[in-house]
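Here is how the chains run, residue by residue.
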Amino acid sequence: AQKVTQAQTEISVVEKEDVTLDCVYETRDTTYYLFWYKQPPSGELVFLIRRNSFDEQNEISGRYSWNFQKSTSSFNFTITASQVVDSAVYFCALSERDSGAGSYQLTFGKGTKLSVIP
Amino acid sequence: NAGVTQTPKFRVLKTGQSMTLLCAQDMNHEYMYWYRQDPGMGLRLIHYSVGEGTTAKGEVPDGYNVSRLKKQNFLLGLESAAPSQTSVYFCASSPPPGQFFGPGTRLTVL
C-alpha cells in the first residue's frame, strides 16, 4: 500500500477558480511530518509547507491554504483564485523516523499535475 | 549560501558507460539524499547518508553506488549505465525532518 496517495493525477481549472489537491497518508508513527512541494515546468522542487503531527491547525498563506485532518489521515491543499503561474506538479510527502537508521525518511506521493487555463 | 548544488545539469551516456553525479551543500547538514524522478512515479529514494563516512540504501538502490567522504559532498555513481537509469536525479540535504533540494540532473542513457 502506498504511504502517500494523491488520487488526482491531473486537474485542469480555469483561471480564478478554486482548486483542492488531495493527499492521504498512512503511518503508524505518532510523530511525523507532512509536506507539500511544487514543481513548476522549470523542474526545481519548491518547498511550500511543513506540518507536524501534533499541529492540526489549518494554515493560510496568501491564496494557499492547507487542511490537516488526522482523523481521516488527510492533508489537503487548496489554491484560491488560481492563476496561470500555479500550473505545476504538486507533491505531498510524509516524513517518518526510520528507527533502524536513526534518520527521517521522506516518502513522496506520485504528484498531481495542475493546469490553470487562462 | 549556494544551498544544494548538483553537477552536471545534463548528461547523455551510452549503455555501459560510467559516471558520477556530484552533490554539494554549504549548510553544514548531516543528512544527504539521492532521489530519482520518473514520469508518474514521484520521487524515489536511491541512497542516503546520515553523516560523513556513512551511507545506506533507499527504495531503489540497485545499479547505483554512493560515497560521502566529506560532509559537504555526496556522490552518486553509475558503474555501468542502463537505459532504465534514464531519469532526473535530485539531491537533497537536511537537518531532519525536512529536506532542501538541488536543481536536478537530467540523465539520458542511450
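For the structure itself, consult the block above.
Caption draft 1: Up close: the nonpolar core. Residue and element names in this part refer to chain A. Core analysis: the biggest nonpolar cluster contains 24 residues, and W36, W66, F77, Y90 and L114 have the highest contact counts within it. Among the secondary structure elements, those contributing two or more residues to this core are β2 (10–14), β3 (19–21), β5 (33–39), β6 (46–52), β8 (64–69), β9 (74–79), β10 (88–98) and β12 (112–117). Considering each element in turn, this core owes the most residues, 4 residues, to β10. In contact with Y90, other than residues within four places in its own chain, are Q6, L21, W36, Y37, K38, L48, Y64, F77, I79, G111, T112 and L114.

Caption draft 2: View of the pattern of salt bridges. Residue and element names in this part refer to chain A. All chains considered together, the criterion is met by 7 salt bridges over all chains. Notably, a salt bridge pairs D55 with R51, separated by 3.1 Å at the nearest N-O pair. Across the pair D86 and R63 runs a salt bridge, and its minimum N-O distance is 2.8 Å. Linking D86 in the loop between β9 and β10 with R63 in the loop between β7 (59–61) and β8, this pair joins segments that are 23 residues apart in sequence. Looking at D86, the relative accessible area reads 1%, which means it is buried.

Caption draft 3: Inspection of the packing of aromatic side chains at higher detail. Enumeration over the complete set of coordinates arrives at 20 aromatic pairs over all chains. A ring pair is formed by Y37 of chain A and F101 of chain B, whose centres lie 5.3 Å apart and whose planes are at 85°; its orientation type is edge-to-face. You can see Y37 of chain A sitting in strand β5 and its partner F101 of chain B sitting in strand β10 (residues 100–101), one on each of two chains. By relative accessible area, which is 12% here, F101 of chain B ends up buried. One aromatic cluster is present, built from ring pairs that chain together F35, Y37, F47, F91 and F108 of chain A together with Y33, Y35, Y48 and F101 of chain B.

Reading the values: the criteria
- Residues numbered from 1 in each chain as written.
- Chains lettered and ligands numbered in written order.
- Predicted model: local features only at pLDDT ≥ 70, side-chain atom pairs only at ≥ 80, totals over all residues.
- Heavy atoms only, no water.
- Core = buried A, V, L, I, M, F, W, Y, C linked by side-chain atoms within 4.5 Å.
- Buried < 20%, exposed > 50% of the residue type's maximum accessible area, 1.4 Å probe, protein only.
- Helix = DSSP H or I, 4+ residues; strand = E, 2+ residues; numbered from the N terminus.
- Contact = heavy atoms within 4.5 Å.
- Salt bridge = Lys/Arg side-chain N within 4 Å of Asp/Glu carboxyl O.
- Phe/Tyr/Trp six-rings, centres within 6.5 Å; stacked < 30°, edge-to-face > 60°.

The values reported here are purely geometric and, on their own, carry no functional implication.
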